[in-house]
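Structural features, examined
Read off the chains here:
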Amino acid sequence: TLALQVVVSYVIADISNLAMKWPLQGDRPYWMDPAVRQFGHNTCEVGFGMPSGHVQVTVAVYALLVVAIRKRWFGALVAGVVGLTALSRVHMGAHTPLQVSCGALAGAAIAFLVTRLS
């Protein structure tokens, strides 16, 4: 069922993101450049930044919904949500554009695998 696919996709995206962060060890923008200030003082961004977990999970879950719903307007809405999520991660100084792009690709791959294996 779709609900099970969403849960499986979320769990795989979350676990695989954590598994990729240590080998890739991508620095966060505010680590690399003192001119970049992280937005906010209370944040969960304390570990490595490659790939973006927020974007990876967002794409992994919402891509499944786009495939299931198959409405153009919904696909456009999801594209906007993913784009805004990625943009916010860069704007907040939590990730580089490369890190959010890699998160999106990883999330898309997970959604693809979950739909194919279901």
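Residues numbered from 1 in each chain as written. Predicted model: local features only at pLDDT ≥ 70, side-chain atom pairs only at ≥ 80, totals over all residues. Heavy atoms only, no water.

Points about unusual backbone geometry
- Cis peptide bonds are those with omega within 30 degrees of zero, and the linkage from methionine 50 to proline 51 qualifies with -5°.
- By the element assignment, proline 51 lies in the loop between α2 (29–32) and α3 (53–69).
- The phi dihedral of glutamine 25 falls on the positive side, at around 45°, and the residue is not glycine.
- The phi torsion at arginine 70 lies on the positive side, around 55°, for a residue other than glycine.
- With respect to the secondary-structure elements, arginine 70 resides in the loop between α3 and α4 (72–91). (Helix = DSSP H or I, 4+ residues; strand = E, 2+ residues; numbered from the N terminus.)

What about a nonpolar patch on the surface?
- A surface patch of nonpolar side chains, about 370 Å² in accessible area, is lined by Val7, Tyr10, Val11 and Ile15.
- Take valine 7: it is sitting in helix α1 (residues 2–24). (Patch = residues over 30% accessible without salt bridge, like charges linked within 9 Å, V, L, I, M, F, W, Y side chains within 5 Å. Areas by Shrake-Rupley, 256 points an atom, 1.4 Å probe, with all protein chains shown as cover. Salt bridge = Lys/Arg side-chain N within 4 Å of Asp/Glu carboxyl O.)

Quick word on the packing of α3 against α4
- Their axes nearest at 10 Å, the elements α3 and α4 cross at an angle of 175°. Between α3 and α4, the crossing angle belongs to the class labelled roughly antiparallel. Only Phe74, Gly75, Val78, Val81, Val82, Thr85, Ala86 and Arg89 of α4 make contact with α3, whose side of the interface consists of His54, Val55, Thr58, Val59, Tyr62, Leu65, Val66 and Ile69.
- Classifying every residue of the contact of α3 with α4 by side-chain character gives 11 nonpolar, four polar and one charged. (Axes fitted to C-alpha atoms, helices over the stretch in contact; angles between N-to-C directions. Parallel < 35°, antiparallel > 145°, perpendicular 65-115°, else oblique. Contact = heavy atoms within 4.5 Å. Nonpolar A, V, L, I, M, F, W, Y, C, P; charged D, E, K, R; others polar.)

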